[in-house]
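# A structural walkthrough
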Amino acid sequence: GVPIAVVRQKGGTDKYLFIIGRLDLAPPHKALMEKLPENERERIARDVFYELAKIKIGFIGDLPKAISVISRLPITENLTEDNFIKTIDEVESGITVANATIEKALAQAGDKVSAKQPSALHKATQQDQQYSSQTSSQQGFPSTPLHKPR
């Protein structure tokens, strides 16, 4: 599964639990993303946002670094284990959607680069297979490398 953080902030939003999943780009994909023009990275971020909006999941991102998928759960008498687990599952699905959207966009960008040689994405995917599952957690949020869904 995807590492998930459950956060309850102090202040005006203390009546909510925030369920957060973080997706860090693996080094080869990050390198590919950094080579893209700014307008292309912005388009990819919009595509991720639109796809997550379809499944009613929030998104904050700083491509090419990482993105966080977020869902807010009100703390009320209706908060049950069932809807808590359902929200975690929705965030995990959001990570899968974000991952697939980014991979598709990078594949399309790689196809534009060269039709004769293996695309940069293909090379990056091969490198990903060697990429360890160690990921960094910035600001205490869990993270997972960009990967192909099982």
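Here, every reference points to the structure presented above.
So, here is what we can say about the structure in this document. Only a predicted model underlies this, so the values are computations on that prediction, with no experimental measurement involved. Residue numbers run consecutively from 1 along every chain, following the written order of its sequence. Given that this is a predicted model, residues contribute local features only at a pLDDT of at least 70 and side-chain atom pairs are listed and counted only at 80 or more, while totals for whole chains, interfaces and linings are drawn from all residues. Side-chain numbers here rest on the full set of heavy atoms in the structure, without hydrogens or water.

## Considerations on the overall build of the protein chain
Strands here mean DSSP runs of E at least two residues long; helices mean DSSP runs of H or I at least four residues long; both are numbered from the N terminus. If you tally the helices and strands in the protein chain, you get four helices and five strands. Across the protein chain, helices and strands are ordered from the amino to the carboxyl terminus as β-β-α-α-β-β-α-α-β. Working definition: with a 1.4 Å probe on protein chains only, accessible area under 20% of the residue-type maximum means buried, over 50% means exposed, and in between means partly exposed. Burial status across the protein chain gives 38% buried among its 150 residues. Throughout, a contact is declared for two residues whenever any of their heavy atoms are within 4.5 Å. A separation of at least 24 residues holds for 67% of the contacts in the protein chain among residues at least 6 apart in sequence. Note on areas: Shrake-Rupley, 1.4 Å probe, and residue coverage restricted to the protein chains presented here. As presented, the protein chain carries roughly 9,200 Å² of accessible surface, and 50% of it is formed by carbon and sulfur atoms.

## As for the environment of L25
Note that L25 resides in the loop between β2 (16-24) and α1 (27-35). Once the C-alpha coordinates of L25 and L63 are considered, the two residues, 38 residues apart in sequence, prove to be 8.5 Å apart.

## Some thoughts on the pairing of strand β4 (residues 66-74)
Taken across its nine residues, β4 has seven buried, putting it largely inside the fold. With nine bridges joining them, β2 and β4 adopt antiparallel strand pairing. Bridge assignment links D24 to a residue of β4, and that residue is A66. A pair of strands is labelled paired if DSSP reports no fewer than 2 bridges between them. When strand β3 (residues 58-62) meets β4, the two strands line up antiparallel, connected through five bridges. Among the inter-strand pairings, G58 is bridged to a residue of β4, identified as I70. The antiparallel pairing of β3 with β4 creates a hairpin that spans three residues between the two strands.

## Thoughts on unusual backbone geometry
One non-glycine residue, K56, adopts positive backbone phi at about 60°. In this fold, K56 is placed in the loop between α2 (38-54) and β3.

## What to know about the pairing of β2
Here β2 lies mainly inside the structure; eight of its nine residues are buried. Here strand β1 (residues 4-7) runs beside β2; their pairing, made up of four bridges, is antiparallel. Among the inter-strand pairings, V6 is bridged to a residue of β2, identified as I19.

## A word on the nonpolar core
In terms of nonpolar packing, the biggest core is built from 25 residues, with M33, I67 and I102 touching the most fellow members. Among the secondary structure elements, those contributing two or more residues to this core are β2, α1, α2, β4 and α3 (81-113). Counting residues per element, this core draws most heavily on α3, which supplies eight residues. Setting aside residues up to four positions removed in sequence, I67 forms contacts with G21, R22, L23, V48, F59, I60, G61, A98 and I102. We call a set of buried residues a nonpolar core when its members are Ala, Val, Leu, Ile, Met, Phe, Trp, Tyr or Cys and they connect through side-chain atoms within 4.5 Å of each other.

## So, the pattern of salt bridges
For salt bridges, the criterion is a side-chain nitrogen of Lys or Arg within 4 Å of an Asp or Glu carboxyl oxygen. Tallying each qualifying case throughout the model produces six salt bridges. Its salt-bridge partner being D62, residue K65 comes within 3.6 Å of it at the nearest N-O pair. Each member of the salt-bridge network shares a partner with another, and the members are E40, R43 and D47.

## Considerations on the packing of aromatic side chains
Any Phe, Tyr or Trp ring, taking Trp's six-membered ring, that has another such ring centre within 6.5 Å forms a pair; planes under 30 degrees apart are called stacked, those over 60 apart edge-to-face, and the others tilted. Applying the stated criterion across every chain yields a total of one aromatic pair. One cation-aromatic arrangement involves R72 over Y16; the distance from NZ or CZ to the ring centre is 4.4 Å. A positively charged side chain is recorded as over a ring if its NZ (Lys) or CZ (Arg) lies within 6 Å of the ring centre. The angle to the ring normal must also be within 35 degrees.

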